[in-house]
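So the chains spell out like this:
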Amino acid sequence: MADLEIINLHVRTEEREILHGVSLQVNKGETHALMGPNGSGKSTLANVLMGNDTYEVTEGQIIFNGEDITGEDPEKRSQAGLFLAFQYPAVIPGVSVANFLRMAVNAHRDEPINVKEFRDKLKTNMDLLTVPREFTSRYLNDGFSGGEKKRAEILQMAMLEPTISILDETDSGLDIDALRVVSEGVNALRERGMGSLIITHYQRILDYIKPDFVHILLEGRIVEEGGPELVAKLEEHGYDWIREEVAQRAG
Amino acid sequence: MPAEQTRISPADAGRTVAGPSAIASDRKAALAAYESAPVPTWRRSGFWTTTLRDLDLESLSPREYPAVSSREELPQVVRDAIGDEQYAGLIVQRGASVIYTETSAGNPDGVIACTLEQAFDQHPELVAKYYGKRVSSEEGKFTAANAAMWTGGAFFYVPPDTSVEQPFQVINVIDEPGVAQYGRLLAIVDTSGKATFREFDLAPDIDGQALHAGVTEVFARPNSWAKVKTLQDWGAGEIFDVSTKRVEIARDAHARWFPVHLGGHLTKQTLDIVTAERGADMRHNGLYITQGNEHLDLFTTDLHESGDTTGDTVWKGAATGSSKASYEGLIEIREGCQNSHTYLQTHSLMLSKEAKVDAIPSLIVKTDDVSASHGGTVGEVDENQVFYMRTRGISREDAIRILVEGFFDPVIGGFEDERLEQLVRQRIAGKLAEASEDIAAYAATK
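Residues numbered from 1 in each chain as written. Chains lettered and ligands numbered in written order. Predicted model: local features only at pLDDT ≥ 70, side-chain atom pairs only at ≥ 80, totals over all residues.

Chemist: How should the overall build of chain B be read in this particular structure?
Modeler: Within chain B one finds 10 helices and 23 strands. Its C-alpha radius of gyration of 21 Å places chain B within 12% of the 22 Å reference for a compact globule of 446 residues. Along the three orthogonal principal directions, the C-alpha set of chain B runs to about 65 × 55 × 45 Å. Expressed as a percentage of the 446 residues in chain B, the buried residues total 53%. (Helix = DSSP H or I, 4+ residues; strand = E, 2+ residues; numbered from the N terminus. Rg over C-alpha atoms; globule rule 2.2 N^0.38 Å. Buried ≥ 20, exposed ≤ 12 C-beta atoms within 10 Å, placed from the backbone.)

This is the structure we're talking about:
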């Protein structure tokens, strides 16, 4: 069984069903790209994997490390090693980046991390992501630029060392330099064995983070799967090509 | 320690009402004013009314206590607050009596820290210059009561060109029901001096009613720096607090005032900061957190009596349980006060379905060529923030606590006072823990 196993997941909001039976497997060390046009259900999947109860799972299962976590609290999922880098991270006024990181790290341990160990770890990861020193004394995401928010997400990921990370449109709103830095961070963690599900609308980030597997989500269903060659095909033909193909298959 | 059950009712306590001879006739007049004034009710448009109808005034009296000779003998709630901190001056008033006084041997020449009664005796001219100059006995029933019946009291004075590092601290403590306490603080930092004044009003969880009717006057003389920290934490007992505190800032002087309200059954306080002369500059950063069925009614005025003055007022408050909290902040710029610049903002956080918060900023400006603006928000804990934090492994309960602490952080971080910061953070965390189920249930409905 895969480390993260999504089985026939049906998800709805109060208004309508958004995911109509999604299945996906992600293992440690693997990099998966989940691509799809706006409104295909990508962010819904990310939120549901993390336990956002705005959404209701009506059918199917999420298995993580062999445990059914479909109804589990978000904090338990995080503690078990699952991470989500948000597309639009919340602003946490009055809580500095450093303090927040310390609290998050401690939430994953029995004993609080000692000061030196925390400082060293923070420094290593800040260097990795070329985060300036003063960054950590600012209130988390409060007044951050789009790029700073994404860096703060990846910094949290690096500090928490999850086994599987979901990156929800981490590339959107990033300029090319910020994208390179963020990608290098992800690649470094991949080398440490992290698996990831990279959700994106664009192929650009996949020039920097080479996926092992590519899945295409359209209207709440995975309609195409393959290797990196799928990215090139999408780049060339766009999502219309997929739509046509799906229509033909149905037709 | 048992109280000496001497009942000092206003009518028959000659010494109490006479007080220092210099103000004996004023006290008689104030007593008459107190006795003839009806018990006030404060009404404002909308739902807000503060009433003392549940207070049984007749059952209360000033109560005297014997002095103690060491910190170890002070009531527990006082010892917890002071720890092993060192002060330029420490005065502890229990009921009607100052029971403990401490002054630092290292104080510069001319520094005074004593009871206000002693100050009338030993420094009559100095006291006469400031006493009652900002808070008149004619403002209402309870300022009259205070003027007529205060005993003990605290007097702090820092002479010109003198900087005092350690804080001056007065603690008013009520630790029994039935007490009427008339605390009085007069503090002055003279020309080009620098000082920190702290006033804590503390009580353990008493079982029954008590009254604190305090008056605080602080003067920051020309070119001086004053920090004022007032903290109220009356515990879970039925303590009514009707107090008036005023800080006056003279030419080119700076004052920072941090009022902290952590608890009280019913509080009606008037907190004014006056930029009285050109170049006067103030910052007024307060916070409150209410719980249970507490009722808090704060009225602050940022009063500009001169032009070329600056002000910055920020208040933050949170209400839990079925408590009610109202903050009304007025900016008043008098005629002829050109080139005054001031800003007032108030932010409140509702943490319970049953709680009520009200934040009313207002403006009276009688001069052109000034900038004065205000803003206010009333918010709730945002479930998106809670979810975000939970995805980082933080429990819902901790997430809410962290968010509320973060909400207060800009004010608490500004104290520049590690001990006070620690004390306030600890108390807020405790209150949030007590109310956690209620808060979480409320947040989940959003």
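Chemist: Looking at this model, I keep getting lost on helix H6 (residues 176-191) of chain A. Mind explaining?
Modeler: Owing to its 3.6 residues per turn, the α-helix aligns residues three or four sequence positions apart on the same side. Residue and element names in this part refer to chain A. With 16 residues, H6 should cover 22 Å at 1.5 Å per step; its first-to-last C-alpha distance of 22 Å lies within 8% of that length. The complete set of buried residues in H6 reads Leu179, Val182, Ser183, Gly185, Val186 and Leu189. For H6, the arc enclosing every buried residue in end-on projection is 155°, short of the 170-degree limit, so these residues lie on one face. Exposed residues lying more than 90 degrees from the buried face of H6 are Ile176, Asp177 and Glu191. Elements in contact with the buried residues of H6: helix H4 (115-128), helix H5 (146-160) and strand E8 (195-200). Trailing H6 by a residue or two, Gly193 shows a phi angle of about 110°, which is positive. (Expected span 1.5 Å × (residues − 1). Arc of directions from axis to C-beta. Contact = placed C-beta atoms within 7 Å.)

Chemist: Mind showing me how you'd approach the environment of Gln156(A) here?
Modeler: Residue position: Gln156(A) is located in helix H5. Considered as a pair, Gln156(A) and Phe83(A) are 73 residues apart in the sequence and their alpha carbons are 9.2 Å apart. Setting aside residues up to four positions removed in sequence, Gln156(A) forms contacts with Leu101(A), Ala104(A) and Arg392(B).

Chemist: Help me understand the environment of Ala152(A) in this model?
Modeler: All names here are of chain A. Topologically, Ala152 is positioned in helix H5. Given 24 C-beta atoms within a 10 Å radius, Ala152 is considered buried. Considering only alpha carbons, one finds Ala152 and Phe135, 17 residues apart in sequence, at a separation of 9.0 Å. In this structure Ala152 touches Pro89, Val97, Leu140, Asn141 and Phe144, once residues within four positions along its chain are discounted.

Chemist: For this particular structure, what's the right way to read the environment of His284(B)?
Modeler: Of note, His284(B) is situated in strand E17 (residues 281-290). With near-sequence residues (within four places) excluded, His284(B) lies in contact with Trp257(B), Ile273(B), Thr300(B), Asp302(B) and Thr313(B).

Chemist: Would you mind showing me how to read the interface of chain A and chain B here?
Modeler: In many analyses, interface size is given as the accessible surface area lost on bringing the parts together. Tallying the contact residues gives 20 residues for chain A and 17 residues for chain B. Elements represented by at least two residues in the side of chain A that touches chain B include exactly helix H2 (74-80) and helix H3 (97-106) of chain A. With four residues, the single largest contributor to the side of chain A that touches chain B is H2(A). Grouping the constituent residues of the side of chain A that touches chain B by class yields 12 nonpolar, six polar and two charged. (Nonpolar A, V, L, I, M, F, W, Y, C, P; charged D, E, K, R; others polar.)

Chemist: I'm lost on the sheet that holds strand E21 (residues 341-350) of chain B in this one. Help?
Modeler: Picture the strands of a sheet paired through backbone hydrogen bonds; they go either parallel or antiparallel. Residues and elements named next belong to chain B. The strand order E4-E3-E7-E10-E13-E15-E17-E19-E21-E23 describes an open sheet built from 10 strands, whose pairing is mixed. Edge positions in the sheet fall to strand E4 (97-103) and strand E23 (371-380), since each has one partner strand and no second. Each strand axis lies, on average, 10° off the axis of its neighbour in the sheet, ignoring direction. Direction of pairing for strand E10 (residues 194-202) relative to strand E13 (residues 225-233): parallel, over a ladder of nine bridges. Counterpart to Glu199 in the pairing with E13 is Thr230. Along the sheet, helix H8 (residues 396-412) makes contact with E17, strand E19 (310-319) and E21, crossing E19 at roughly 160°. (Pairing = 2+ DSSP bridges. Axes fitted to C-alpha atoms, helices over the stretch in contact; angles between N-to-C directions.)

Chemist: Help me out: how do you make sense of the sheet that holds strand E3 (residues 31-35) of chain A in this one?
Modeler: All names here are of chain A. Reading across the sheet, the six strands line up as E6-E7-E8-E3-E9-E10 and stay open at both edges, with mixed pairing between neighbours. Here the strands that pair on one side only, and so sit at the sheet edges, are strand E6 (82-85) and strand E10 (221-226). Each strand axis lies, on average, 20° off the axis of its neighbour in the sheet, ignoring direction. Two strands pair when backbone bridges link them, and strand E9 (residues 213-218) and E10 are joined in this way by five bridges, in the antiparallel orientation. Its bridge partner lying in E10, His215 is registered against Glu225.

Chemist: I tried to follow the nonpolar core on my own but got confused; where do I start?
Modeler: Most often, soluble globular proteins have nonpolar side chains that are buried together. Residue and element names in this part refer to chain B. Val92, Phe155, Phe156, Ala220, Ile249, Ala255 and Leu351 are the most contacted members of the largest nonpolar core, which has 190 residues in total. In terms of residue count, H8 provides more of this core than any other element does, nine residues in total. Leaving out residues up to four positions away in the same chain, Val92 has contacts with Leu74, Val78, Val98, Ile99, Tyr100, Ile171 and Val173. Listed in part, the five residues of the second largest apolar core include Ile331, Ile333, Cys337 and Leu344. (Core = buried A, V, L, I, M, F, W, Y, C linked by C-beta atoms within 7 Å.)

Worth remembering: the numbers are spatial, not functional.
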